[in-house]
Amino acid sequence: MKKIAERIWIILIVLSLFAFLVGYLKLINTFLVGILLLSTFLKGQLISDYFMGLKEVQLKYRIIPILWLILILSLIAVAYYLPTTTP
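Residues numbered from 1 in each chain as written. Predicted model: local features only at pLDDT ≥ 70, side-chain atom pairs only at ≥ 80, totals over all residues. Heavy atoms only, no water.

**Student:** I would appreciate a short explanation of the packing of aromatic side chains in the present structure.
**Tutor:** Summed over all chains, the structure comprises two aromatic pairs. Each ring, one from Phe-20 and one from Tyr-24, has its centre 5.5 Å from the other, and the planes form 20°; the classification is stacked. With a gap of four residues between them, Phe-20 and Tyr-24 both fall in helix H1 (residues 2–24), about one helical turn apart. Here Phe-20 matches Tyr-24 in class, with each residue exposed. Here the aromatic rings of Tyr-80 and Tyr-81 are separated by 5.1 Å at their centres, their planes lie at 85°, and the arrangement is edge-to-face. (Phe/Tyr/Trp six-rings, centres within 6.5 Å; stacked < 30°, edge-to-face > 60°. Helix = DSSP H or I, 4+ residues; strand = E, 2+ residues; numbered from the N terminus. Buried < 20%, exposed > 50% of the residue type's maximum accessible area, 1.4 Å probe, protein only.)

Structure (structure tokens):
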């Protein structure tokens, strides 16, 4: 179990560094926002499955954080992709 936790932690660090570098280098475009939202979903899933221990429980308990992540990330995507109007 310790090896898996270390690998998951490394994946989380790499995804977080990717998100930081995209923001720091101001490489924001619509494609990268989609990639960032997917990586955020993946990070949330990894945290809930491995560090919160939900990997071994029934699906009905795992679906709550999945739906929450989908809802929040969908709202962020809608807010980003809505056209902005300037007067």
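**Student:** It is not clear to me how H1 should be interpreted in this structure. Could you clarify?
**Tutor:** Helical geometry note: an α-helix holds 3.6 residues per turn, so side chains three or four residues apart project in the same direction. With 23 residues, H1 should cover 33 Å at 1.5 Å per step; its first-to-last C-alpha distance of 32 Å lies within 8% of that length. Looking at H1, one finds that the buried residues are Ile-8, Leu-12, Leu-15 and Val-22. Elements in contact with the buried residues of H1: helix H2 (30–51). Positive backbone phi, approximately 55°, marks Lys-26, located one or two places after H1. (Expected span 1.5 Å × (residues − 1). Contact = heavy atoms within 4.5 Å.)

Keep in mind that these numbers describe shape and distance, not what the molecule does.
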